[in-house]
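Coordinate inspection notes
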Amino acid sequence: FNEAIIGCALTAYGYELAWKEGVSLNRLWDSTVFLQKLIGSEFLVQKKIDQKEFDSIVDGFIKQNYLKMDNAKVKITSVGEQLFTYLCFLVWPLVEGYWLTSMYLYTLKNRETSVSCEDFETEVQNFAESLYEDRSIEFYEACAIDTIRNAINVFKDMNLINIKNVVDEKTKQNTESITLVAKEDKLSELTSTIQTYMKTSLASSLDIPL
């Protein structure tokens, strides 16, 4: 899974950079760190991607001729193209799920009453399924409730939302409510950044369908 995160982080730069011009290792590292922070909890991995692990994986790609080092930049070779496409397909459904969840956070802005986390998760899932039916998103896996729930927890850790225990007025039982705390510009920046890692972003940089 670490290889998939690095692979998706590289292809996020688009065809002109990832295949032709190349991407510096510093820029690739920064993108990898962000993507791992976003979806790294989705899979149980033995090793998180620290600098040593990152260098080891990239060196392995280069030795196997999947990547080429050119003027201190790495780029995908014709040999590596199939591998990197496969690796991205492992990650793209998750990225899409996190993106649509981040988009739905906007709906928390003007709500007159608080909403429970459970209800919000269901709303996001219904929103995701409607986007899939309209073919606005590509992967049905992005609609998975576990992915949505994990995304909400990550966005909580990013201080975009607040989750607190409250007593439901109807049931008189404890429940978790969710509120938006991030400013709109910060949320907009996040959704735009996540979008660069999606399949649709790479496809738009190609002359042929992906």
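Residues numbered from 1 in each chain as written. Predicted model: local features only at pLDDT ≥ 70, side-chain atom pairs only at ≥ 80, totals over all residues. Heavy atoms only, no water.

**Regarding the overall build of the protein chain**
If you tally the helices and strands in the protein chain, you get nine helices and six strands. Taking all 210 residues of the protein chain together, the buried fraction comes to 44%. In the protein chain, 62% of the contacts between residues at least 6 apart in sequence involve partners at least 24 apart. Element-wise, carbon and sulfur atoms account for 46% of the exposed surface of the protein chain, whose accessible area totals about 11800 Å². Considering the protein chain, the positive charge centre built from 21 side chains and the negative charge centre built from 31 side chains are found 5 Å apart. (Helix = DSSP H or I, 4+ residues; strand = E, 2+ residues; numbered from the N terminus. Buried < 20%, exposed > 50% of the residue type's maximum accessible area, 1.4 Å probe, protein only. Contact = heavy atoms within 4.5 Å. Areas by Shrake-Rupley, 256 points an atom, 1.4 Å probe, with all protein chains shown as cover. Lys, Arg positive; Asp, Glu negative; His and termini not counted. Charge placed at Lys NZ, Arg CZ, Asp CG, Glu CD.)

**Concerning the packing of aromatic side chains**
Considering all chains together, one arrives at eleven aromatic pairs under this definition. Relative to Phe-139, the ring of Phe-89 lies with its centre 6.0 Å away and its plane at 80 degrees, an arrangement referred to as edge-to-face. Highlighted residues: Phe-89 in helix H5 (residues 81-104) and Phe-139 in the loop between helix H6 (117-133) and helix H7 (145-157), separated in sequence by 50 residues. Connected via pairs of aromatic rings, a cluster forms that spans Phe-61, Tyr-66 and Phe-84. (Phe/Tyr/Trp six-rings, centres within 6.5 Å; stacked < 30°, edge-to-face > 60°.)

**What about the sheet that holds strand S3 (residues 73-76)?**
Strand order across the open sheet formed by three strands is S1-S3-S2, with antiparallel pairing between neighbours. Edge positions in the open sheet fall to strand S1 (23-24) and strand S2 (67-70), since each of these has one partner strand only. In terms of strand pairing, S2 meets S3 through four bridges, oriented antiparallel. The residue bridging Asp-70 from the neighbouring strand is Lys-73, located in S3. Packed onto the sheet, helix H4 (residues 51-63) meets S2 and S3 and runs at close to 100 degrees relative to S2. (Pairing = 2+ DSSP bridges. Axes fitted to C-alpha atoms, helices over the stretch in contact; angles between N-to-C directions.)

**Side note on the confidence of the model for the protein chain**
Do not read the fine detail of predicted coordinates wherever pLDDT is low. Across the protein chain, the average pLDDT comes to 89, with 91% of residues at 70 or higher. Taken element by element, the predicted model of the protein chain shows its lowest mean pLDDT in helix H9 (residues 199-204) (65) and its highest in S1 (96). Between residues 205-210, whose pLDDT stays under 50, and residues either more than four places distant or in other chains, the model counts seven contacts. (pLDDT = per-residue confidence, 0-100.)

**Focus: H6**
Compared with the 24 Å implied by 1.5 Å per residue over 17 residues, the 24 Å span of H6 between its first and last C-alpha is a close match. Buried residues of H6: Cys-117, Phe-120, Glu-121, Val-124, Ala-128 and Leu-131, and no others. The arc enclosing the buried residues of H6, seen along the axis, measures out at 100 degrees, which places them on a common side. Facing away from the buried side of H6, by more than 90 degrees, are the exposed residues Glu-118 and Glu-133. Phi turns positive one or two residues past the end of H6, at Arg-135, with a value near 65 degrees. (Expected span 1.5 Å × (residues − 1). Arc of directions from axis to C-beta.)

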